[in-house]
Amino acid sequence: MDLLNNLYTGFSIALSFNNILYCLAGVFFGQIIGVLPGIGAPTAIALLLPLTFKANPTSALIMFAGIYYGVAYGGTITSVLINVPGESSTVMTCLDGYKMAQQGRAGAALSVAAIGSWLAGTASIILLMGFAMALARFALRFGPAEYFALAMMAFGLLTVFGGGQPVKIIISTLVGLLIATVGLDVVSGMPRFTFGVPQLLGGFDFVVVICGIFGVAEIFSSMEEPEGGELIKAKFQLRELFLTWQDWIASRSAILRGGIIGFFTGMIPAGGITTASFLAYLAEKRVSKHPERFGQGAIEGVAAPESANNAASISGFAPLLALGIPGSPTTAVMLAGFMMWGIRPGPLLFQTKPDLVWGLISSMYIGNLILLFMNIFLIPVFVTILRLPYTILMGFIVVFASVGAYSVNNNLFDVWMMLGFGVLGYVMRKLEYPIVPLVLAMVLGQMAENSLRQALTISGGSLSIFISRPISAVFLAAGILAYLTPVIRWAMKGIRRAYVDRE
Amino acid sequence: MRIANLIGGVVVLILGLAVLFFSYQLDYYSEFGPGPGFLPLWVGIFITGCAIYLIIDVFRKQGKAEAFFKPRTRLGLKMLITIIITFLLFPLLGFSIGLALFTGFTMRMMGKHHWISCGLTAVVTAIAIHFIFGQLLYIPLPKGMIGW
């Protein structure tokens, strides 16, 4: 009954004219961002974040959420039509989607992606309502030790899901923590790493770092890559976008499986939508009676990852809203937004800001429905946008990033800092240091440090507080296990090799 | 890439040592619990440890990796220099005009678009920045010599 009341409250907020406009703008913008290569959801939200400083947080969040799940829809178009993923979460869609387009079935590929995304997304919202509330209720038991252990678990899971060399993931996380410590220490009031520069006393603002590390760095990286593939000229008559009965039979289980995998992967801190789509594709191939069809234009190969990435983009809000822990770079940027608006996400958010939580969740139903129609009726419009040269787009990215960084404190120092972080992000990408751990650690750094200090103050300096409390012990154990994954993998490989040698 | 990784490792090592040095000057423990130097010191220790591992790993591992400098890297450098010049000119040109000229210039330099399209985009950008950010969103953007 409570749930229905909350949903009623949510819909009465989400269905206001203003919020429908924000939702429409978000999903439309997200779809465009997904289509345009070289700019992703975190970048788009980071660039827009400073402009929403004076906006109603609920409306701004509705728009940002729309961008997030809209991007997953939009990226599919480029994956199917030019074999270039608009987003990392649609990489797997290229494998079968592009083949389908070459076989003259681009309409079916785009259609199954839209319908699968909508079905999985809507189911995910229903699950999110239950899970987020349960998670929030559970998190009410958390004290500083649990929060610190939770942050450690999130950092540890990055080494499992982050991709790349584990030591570089750890360094990236540590640099993020270091950036978070710059400025006045909130407990003692002592300046740390400010080197006498007054502008650094307040620390690095998230917006400045994110605009640089995502926005400007992405320009430098994108310029190095040659322009992507050739557009397949497909006709998009409405008739061609409808699925045949056989298509539907083949893809319905894939949508279900993809949705479930996506939902649970999105809930894991650091899981993210890209991992979800990878796992869903691999799982679908494994359960298929004809795995050899995958990569040759199998419709399940489009349905599964597309359903998964959308389900994950929605379930990622559960840890963000209920625990205040972002599961992906995009939700990390949104967490920065929460901080900018002076709202602390976590278990109490459901009680202190029910209008925000339920307005946001309800808007997802509306946004997903809008996207479904957009992806059936407006595909030709987005195909036209796909032809926009990046050389025009990059100028606008610099404009937004510069204005965004400047608007934080109205000084040029932040604009230079933003450029500095842009260069740092570019060099990190070149040297294969992942950016996501740095951003997550930076956003969670202050919470992690404060929790650690509070926990140690309570325990009189004894580290036993982290293992004597069961929830904290479980989180910490999961984190340590995650950090040890590379060692475990290496040991397993050695054992397997020894076994093969003995055979 | 091997040399780039090695240089990267050395830079991280220097960073780790610098963090250790500066955090050592902060209080590790205070009257009420861990002090402001507590976390930075541990971060410094871990960064240094990881950097040493990374440097050893560079020497241990052989094999081909992607080159650090690609044929198009110079385009990125050109872009960086253009951004720096634009930022330096902000006090003279102001935000709106400076960023508008930047947009037009990069369109011409990187995309070889027609002069007319570049010029038109620059004019539209200047007007959009001035009105959207300056007038609509009340961001007090720095003004240049012509007051924009």
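Keep in mind that this is a model prediction, so the values were computed, not measured.

Draft legend 1. Representation of the overall build of chain A. Across its full length, chain A holds 24 helices and 2 strands. In summary, chain A has a C-alpha radius of gyration of 22 Å against a globular reference of 23 Å for 503 residues, a match within 12%. When its C-alpha atoms are laid out on the principal axes, chain A stretches across 70 × 65 × 55 Å. When each of the 503 residues of chain A is scored for burial, the buried share is 61%. For chain A, the proportion of contacts with a sequence separation of at least 24, taken over those separated by at least 6, is 80%.

Draft legend 2. Just the overall build of chain B, in detail. In terms of regular secondary structure, chain B is built from 5 helices and 2 strands. Beginning at the N terminus, the succession of helices and strands in chain B can be written as α-β-β-α-α-α-α. The C-alpha atoms of chain B give a radius of gyration of 24 Å, which is well past the 15 Å a tight globule of 148 residues would have. The C-alpha extent of chain B, read off along each of the three principal axes, is 55 × 50 × 20 Å. Counting the 148 residues in chain B, one finds 33% classified as buried.

Draft legend 3. Region of the structure containing the packing of helix α4 (residues 90-111) of chain B against helix α5 (residues 115-136) of chain B. Residues and elements named next belong to chain B. Interhelical geometry of α4 versus α5 gives an angle of 155° and a closest axis separation of 8 Å. Of the possible angle classes, the one that applies to α4 and α5 is roughly antiparallel. As for the relative orientation of α4 and α5, their crossing is right-handed in sense. Of the residues in α5, those in contact with Phe95, Ser96, Ile97, Leu99, Ala100, Leu101, Thr103, Gly104, Met107 and Arg108 of α4 are Trp115, Cys118, Gly119, Thr121, Ala122, Thr125, Ala126, Ile129 and His130.

Draft legend 4. Just the interface of chain B and chain A, in detail. With 50 residues of chain B at the contact, the number on the chain A side is 43 residues. Elements with a minimum of two residues in the side of chain B that touches chain A: α1 (2-24), β2 (33-34), α2 (38-60), α3 (73-88), α4 and α5 of chain B. For the side of chain B that touches chain A, the element with the highest residue contribution is α2 of chain B, accounting for 9 residues. Of the residues belonging to the side of chain B that touches chain A, the class tally is 35 nonpolar, 13 polar and 2 charged.

Draft legend 5. Quick look at helix α15 (residues 329-340) of chain A. All names here are of chain A. Taking 1.5 Å of rise per residue, 12 residues should cover 16 Å, and α15 covers 17 Å from first to last C-alpha, within 8% of that figure. α15 sits mainly inside the fold: 10 of its 12 residues count as buried. Taken together, the buried positions of α15 are occupied by Pro329, Thr330, Thr331, Ala332, Val333, Met334, Leu335, Ala336, Gly337 and Phe338. Lining the buried residues of α15 we find α3 (41-48), α4 (57-82), α9 (206-224), α14 (317-323) and α21 (436-458). Downstream of α15 by a residue or two, Gly342 has a phi angle that is positive, lying close to 75°.

Draft legend 6. Main features of the domain arrangement of chain B. The domain architecture assigned to chain B consists of domain 1 (2-60) and domain 2 (73-136). Each of domain 1 of chain B and domain 2 of chain B has a C-alpha centre, and the two are 39 Å apart.

Draft legend 7. Layout of unusual backbone geometry. At Phe193 of chain A, a position not held by glycine, the phi torsion is positive, near 50°. Tracing the sequence through the fold places Phe193 of chain A in the loop between β2 (191-192) and α9.

Draft legend 8. Expanded view of the environment of Leu440 of chain A. Residue and element names in this part refer to chain A. Within the secondary structure, Leu440 sits in helix α21. In this structure, the C-alpha to C-alpha distance between Leu440 and Ser328, residues 112 residues apart in sequence, is 7.9 Å. Leave out the neighbours within four places in its chain, and Leu440 touches Ala154, Leu158, Gly176, Pro326 and Ala332.

Draft legend 9. Local environment of the confidence of the model for chain B. Residues at a pLDDT of 70 or more form 97% of chain B, whose mean pLDDT is 89. Both scores are available for the predicted complex, with the pTM at 0.86 and the ipTM at 0.93.

Draft legend 10. Main features of helix α1 (residues 2-14) of chain A. Residues and elements named next belong to chain A. Between its first and last C-alpha atoms α1 spans 18 Å; for 13 residues at 1.5 Å apiece the expected length is 18 Å, and the two agree. Of the positions making up α1, those classed as buried are Gly10, Ile13 and Ala14. An end-on view of α1 places all buried positions within 90° of arc, on one side of the element. Those residues of α1 that are exposed and aimed more than 90 degrees away from the buried face are Leu4, Asn5 and Tyr8. In the core, the buried residues of α1 are packed alongside α2 (17-35), α4 and α17 (354-377).

Draft legend 11. Quick peek at the environment of Ser88 of chain A. Note that Ser88 of chain A resides in the loop between α4 and α5 (91-102). It is 14 Å that separates the C-alpha atoms of Ser88 of chain A and Gly30 of chain A, two residues lying 58 residues apart in sequence.

Draft legend 12. Fine view of the environment of Arg453 of chain A. Inspection of the secondary structure puts Arg453 of chain A in helix α21. Residue Arg453 of chain A is classed as buried on the basis of its C-beta count, with 24 C-beta atoms lying within 10 Å. Between the C-alpha atom of Arg453 of chain A and that of Phe148 of chain A, which follows or precedes it by 305 residues, the distance is 9.3 Å. Among all residues touching Arg453 of chain A, those that are not within four sequence positions of it are Val187 of chain A together with Gly33, Pro34 and Phe38 of chain B.

Draft legend 13. Looking closely at the packing of α3 of chain A against α9 of chain A. All names here are of chain A. At their nearest, the axes of α3 and α9 sit 9 Å apart, and the two run at 130° to each other. Overall, the two elements α3 and α9 adopt an arrangement that is oblique. Between α3 and α9 lies a crossing of left-handed hand. Contact residues: Pro42, Thr43, Ala46 and Leu47 in α3; Val207, Ile210, Cys211, Phe214, Gly215 and Glu218 in α9. Tallied by class, the residues present in the contact of α3 with α9 amount to 7 nonpolar, 2 polar and 1 charged.

Cut-offs used in this document
- Residues numbered from 1 in each chain as written.
- Chains lettered and ligands numbered in written order.
- Predicted model: local features only at pLDDT ≥ 70, side-chain atom pairs only at ≥ 80, totals over all residues.
- Helix = DSSP H or I, 4+ residues; strand = E, 2+ residues; numbered from the N terminus.
- Rg over C-alpha atoms; globule rule 2.2 N^0.38 Å.
- Buried ≥ 20, exposed ≤ 12 C-beta atoms within 10 Å, placed from the backbone.
- Contact = placed C-beta atoms within 7 Å.
- Axes fitted to C-alpha atoms, helices over the stretch in contact; angles between N-to-C directions.
- Parallel < 35°, antiparallel > 145°, perpendicular 65-115°, else oblique.
- Left-handed = near helix turned anticlockwise from the far one by under 90°.
- Nonpolar A, V, L, I, M, F, W, Y, C, P; charged D, E, K, R; others polar.
- Expected span 1.5 Å × (residues − 1).
- Domains from an automatic or database assignment.
- pLDDT = per-residue confidence, 0-100.
- Arc of directions from axis to C-beta.

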